[in-house]
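In case you want the letters, here they are:
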Amino acid sequence: AIPPTTDPSLARPRPLVRRRRSASTRAIYMSSEQLLPGKDSTMTTDGGSSSTAASGNSALSNATPEQMKEMMAMLQTMQTSESSASGGESSRPPSGATANAYSLPLHRLPPLPSACHPVRRFVTANRRLSTILACAVGFFMAYSLAHSHSGSRTDAYGAPVALSSGETKKGLMSDFVIKSPFAKQDDLLYYNVPGKTGADSTEQSALPRSSYPDGGAAVCFLVTSSHKDVSDIQTALHSLAFLQGDQNRNLPPSPILVFNEGDLSQEQILAMVSSTNRPIAFPKVDFSKFPDGFNPDDFDKGPQFKVAERKPWGYYQMIRFWVSGIWYHPAVERFETIMRMDSDSCFKKPNEYLPHMAHDHIVYHSQFVGVESEAGKEYLNGLFDFTKEYLARINRFPGNAMLWNFIETTWGSKGTLPLFRTNLEISSKAFMTRSDVDAWHRALTEEEPFGMFRFRWGDAVTRFIEAAVFATDETTLTMKAEGYEHKNGCSWVEVEKALQENGLL
């Protein structure tokens, strides 16, 4: 024992702290009082109050070693019995375990619900193992939090996608575009650029941004080098004189983009240039490439659907281009409204708003023309089930309840699906490149099960589903565009006659 100090200045009175003792602690405390000498205790047993009288003011003597051992034995006995009563089983510490002032007090858990008693018993019986597990869990949680926002991304189904070699991590604002006056402009060259006349009109030059700022409209075609396609598009280009949407908005004539595979002759190009007075360019596409993971050689008999004067996979690549490819082609980067038109189509009456949207809030416009025919049902294999499963995986409800109900009813009663006449469609590029719509496009053409390539899911049907799911009734227009015709009546002679009757020649 350390003798008390005799220097009054060094003496520190201990603060009185009142602690609530448990029943077992109170019992041990009372027993220890009886063991200590110089202390007289009296206790009534008949229900009355107990009284204790100290024998004068004499100092208490220290407890003997035998008394301390007896106190410790009583304390261990009381703790063991209390643990057995609360847990139903003995929770004795493992043999050889001793108290350590620096060990984690995981065996001294606060009162827990009854459902957590097994956990408490496990921790009590395995203090060292519990400490190791707690440290491991804490390290894992800290590591997960540190790497949870480290630039990871997900695919269409929400699965993580690893960054490829050489690819940089994208930040929160990586998709925010700030246009710089020093940025490189598109290098696509156009014919019939305003301001050039005579022989100069057949020379190529860039489209001036002073007259054609970003966000305008463009008329888009896709042609092959076949004589029929070139002849048909000449008539279609000639009929664009019926479109009055530009002049009604006090805008210059919207340009024309004729996408091709780079196999057009100069004679064919000049024949198309001479068929219109609008600026016209001929951007190229590459249809020799297929989506990653799709091997065209897996088909023993080649594609199921063939079109005369087209390459074996040409029609499939055409669908893929209009569904998911055109929106990211450099040629359409500066445009917002894309009017797609087939080469075998034409106009024979004036249209007051094309090639722009009829209303500014519309994001998609194409004519509803009924349902897929009996001959076309074979190209709907798995499409409806695929769509329902896709919606379930992305946890989405259709935006246009009326169109979606029509889809379900048509499939359930007739085994077919409704469609648009996508030979002419006007689309908002902002809508088509929206993240959820873009993911849908990629699921159709770029990812397993490659339904567009394997089953020839057509763009006319998938566009109807797209409008029902991702657009709304207020943002979709399904009426026929005034003056538009497809195939029938689209000869050069008939279009020429219609232009003369309306005074447009």
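Whatever comes next refers back to the structure up there.
Residues numbered from 1 in each chain as written. Predicted model: local features only at pLDDT ≥ 70, side-chain atom pairs only at ≥ 80, totals over all residues. Heavy atoms only, no water.

Peer 1: Would you explain the pairing of strand E10 (residues 335-341) in this entry?
Peer 2: Two faces, one strand: in a regular strand the side chains alternate between the faces of the sheet. Across the seven residues of E10, six count as buried, placing the element largely inside the fold. Here strand E7 (residues 216-222) runs beside E10; their pairing, made up of five bridges, is parallel. Bridge pairing links Ala 217 to Thr 337 in E10. In this structure, E10 lies alongside strand E13 (residues 418-428), joined through five bridges in antiparallel fashion. Bridge pairing in E13 links Met 341 to Leu 424. (Buried < 20%, exposed > 50% of the residue type's maximum accessible area, 1.4 Å probe, protein only. Helix = DSSP H or I, 4+ residues; strand = E, 2+ residues; numbered from the N terminus. Pairing = 2+ DSSP bridges.)

Peer 1: I'm lost on the sheet that holds E13 in this one. Help?
Peer 2: Sheet strands pair via backbone hydrogen bonds, and the direction of the pair is either parallel or antiparallel. Read across the open sheet, the seven strands follow the order E9-E8-E7-E10-E13-E12-E14; overall the sheet is mixed. Two strands close off the open sheet at either side, each with one partner strand: strand E9 (280-281) and strand E14 (476-477). Pairing geometry for strand E8 (residues 256-259) and E9, over two bridges, is parallel. Bridge pairing links Leu 257 to Ala 281 in E9.

Peer 1: I keep staring at the packing of aromatic side chains and nothing clicks. Help me out?
Peer 2: For any pair of aromatic rings, the description rests on two quantities: the centre-to-centre distance and the angle between the ring planes. Throughout the structure, instances matching the rule amount to 26 aromatic pairs. Seen in terms of ring centroids, Phe 290 and Phe 453 are 5.7 Å apart; in terms of plane orientation they differ by 55°. Their pairing is tilted. In this pair, Phe 290 is assigned in the loop between E9 and helix H8 (314-325) and Phe 453 in helix H13 (residues 451-455), connecting sequence segments 163 residues apart. Judged by its relative accessible area of 1%, Phe 453 falls in the buried class. Linked through ring pairs, Phe 290, Phe 294, Trp 313, Tyr 316, Phe 450 and Phe 453 together constitute an aromatic cluster. Of note, Arg 456 hangs over the ring of Tyr 379, and the distance from its end group to the ring centre comes to 4.5 Å. (Phe/Tyr/Trp six-rings, centres within 6.5 Å; stacked < 30°, edge-to-face > 60°. Lys NZ or Arg CZ within 6 Å of the ring centre and 35° of its normal.)

Peer 1: I would appreciate a short explanation of the pairing of E7 in the present structure.
Peer 2: Buried residues dominate E7, accounting for six of its seven residues. One ladder, built from four bridges, connects E7 with E8; its direction is parallel. The residue of E8 that forms the bridge with Leu 222 is Phe 259.

The values are spatial; any link to function lies outside them.
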